[in-house]
Amino acid sequence: MSLMTILLFVPACFALNMAPGPNNLLSMANAKHYSVRTACYAGIGRLVAFVGMITLAATGLATVLYTSEKLFLAIKVAGGVYLLWLAYQLWIADPTEGGNETLGGKNLFQLARQEFLLAAGNPKAILIFTAFLPQFVDPAGSVGYQFLILGALFLMLEWVAIAGYAFFGKALRHWFSRPSMRRLFNRICAGLLGSAGVGLLLARRE
């Protein structure tokens with residue numbers, strides 16, 4: 001793998017990492033309700049899901065999974081319903097409760113599991129690893145080794161995105177100190193997550 005390939009991959013990959021998707025929105029909300037450190041640790045659940053997807057892409061199984069109509073339908077329905085459930089939880093969250101009481105006072109494992117399920121339930125993520133990563137792989141070289149390098153870079157940049165959104169969410173915690181503003185923030189996030197859930201349910205394979 002050439003240095004030029006890496007230099008092309010990093011900015012393109014980082015743009016994907018920083019896109020305001022459901023997982024990044026969840027990191028922002030977790031940092032606001034808990035702490036930046038908690039949001040970053042919870043993001044490990046997302047990284048675990050992505051490791052599985054990268055492994056599937058490297059072995060060629062992701063293409064088979066993504067072209068399966070029934071499996072695609074099952075994944076998108078599960079992911080869409082889960083997003084709508086998260087949106088509902090945020091919508092009904094009590095804005096007068098702060099700290100660890102918000103969103104039911106979930107522990108770190110529960111937050112990490114939430115990140116994992118959100119990432120694993122998005123079939124579009126499978127498409128990213130199936131269509132995006134292979135563009136930077138040289139078939140003449142060691143495909144497995146190249147996927148290892150690209151996958152490691154993707155996960156490192158994803159961790160940066162998790163931290164970035166977490167710090168932004170922490171800043172919002174000071175701005176939305178009043179219950180009325182916390183309710184507004186929760187419902188904006190709920191609306192965005194709900195919209196993503198509906199969009200996922202309506203998604204079609206391209």
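Please read these numbers as outputs of a predicted model, since none were measured by experiment.

So, on to the overall build of the protein chain. Tallying secondary structure elements over the protein chain gives 10 helices and zero strands in all. Among the 206 residues that make up the protein chain, the fraction classed as buried is 42%. Pairs at least 24 residues apart make up 87% of the contacts formed inside the protein chain by residues separated by at least 6 positions. For the protein chain, the computed accessible surface area is about 10600 Å², with 69% contributed by carbon and sulfur atoms.

This brings us to the packing of helix α2 (residues 22-33) against helix α7 (residues 108-120). Their axes nearest at 9 Å, the elements α2 and α7 cross at an angle of 165°. Comparing the axis directions of α2 and α7 gives the class roughly antiparallel. Once α2 is placed against α7, the crossing between them reads as right-handed. Where α2 approaches α7, its residues Pro22, Asn23, Leu26, Ser27 and Asn30 are matched on the opposing element by Leu111, Gln114, Glu115, Leu118 and Ala119.

The tendency in soluble globular proteins is for nonpolar side chains to be buried as a group. If you look at the biggest cluster of nonpolar residues, it comprises 19 residues, and the most contacted ones within it are Phe9, Phe50, Phe129 and Leu133. When residues of this core are traced back to their parent elements, those giving at least two are α1 (3-18), α4 (44-59), α8 (123-132) and α9 (143-175). If you tally residues by element for this core, the top one is α4, at five residues. Dropping the residues within four chain positions of it, Phe9 is found in contact with Phe132, Leu133, Phe136, Leu150, Leu153 and Phe154.

Now for the confidence of the model for the protein chain. The predicted model of the protein chain averages 79 in pLDDT, with 79% of residues at 70 or higher. The secondary-structure element of the protein chain with the lowest mean pLDDT is helix α5 (residues 61-66), recorded at 59, while helix α3 (residues 36-42) shows the highest, at 93. In this model residues 98-103 is a low-confidence stretch, pLDDT under 50, and it forms 14 contacts with partners more than four residues away in sequence or in other chains.

The next thing to look at is the pattern of salt bridges. Overall, the coordinates contain two salt bridges when judged by the stated rule. Salt-bridge contacts for Arg46 lead to Glu115; the nearest nitrogen and oxygen are separated by 3.1 Å. Residue Arg46 is located in helix α4, and its partner Glu115 is located in helix α7; the two are separated by 69 residues in the primary sequence.

Here we take up the packing of aromatic side chains. Centre distance and the angle of the planes are the two values used to describe a pair of aromatic rings. This structure, assessed with the given rule, holds three aromatic pairs. Seen in terms of ring centroids, Phe50 and Phe154 are 5.7 Å apart; in terms of plane orientation they differ by 75°. Their pairing is edge-to-face. Remark: Phe154 occurs in helix α9 and Phe50 occurs in helix α4; sequence separation between them is 104 residues. Both residues of the pair, Phe50 and Phe154, count as buried.

What follows is about the environment of Lys106. Relative to the helices and strands, Lys106 resides in the loop between α6 (69-92) and α7. It is 10.0 Å that separates the C-alpha atoms of Lys106 and Asn30, two residues lying 76 residues apart in sequence.

Reading the values: the criteria
- Residues numbered from 1 in each chain as written.
- Predicted model: local features only at pLDDT ≥ 70, side-chain atom pairs only at ≥ 80, totals over all residues.
- Heavy atoms only, no water.
- Helix = DSSP H or I, 4+ residues; strand = E, 2+ residues; numbered from the N terminus.
- Buried < 20%, exposed > 50% of the residue type's maximum accessible area, 1.4 Å probe, protein only.
- Contact = heavy atoms within 4.5 Å.
- Areas by Shrake-Rupley, 256 points an atom, 1.4 Å probe, with all protein chains shown as cover.
- Axes fitted to C-alpha atoms, helices over the stretch in contact; angles between N-to-C directions.
- Parallel < 35°, antiparallel > 145°, perpendicular 65-115°, else oblique.
- Left-handed = near helix turned anticlockwise from the far one by under 90°.
- Core = buried A, V, L, I, M, F, W, Y, C linked by side-chain atoms within 4.5 Å.
- pLDDT = per-residue confidence, 0-100.
- Salt bridge = Lys/Arg side-chain N within 4 Å of Asp/Glu carboxyl O.
- Phe/Tyr/Trp six-rings, centres within 6.5 Å; stacked < 30°, edge-to-face > 60°.

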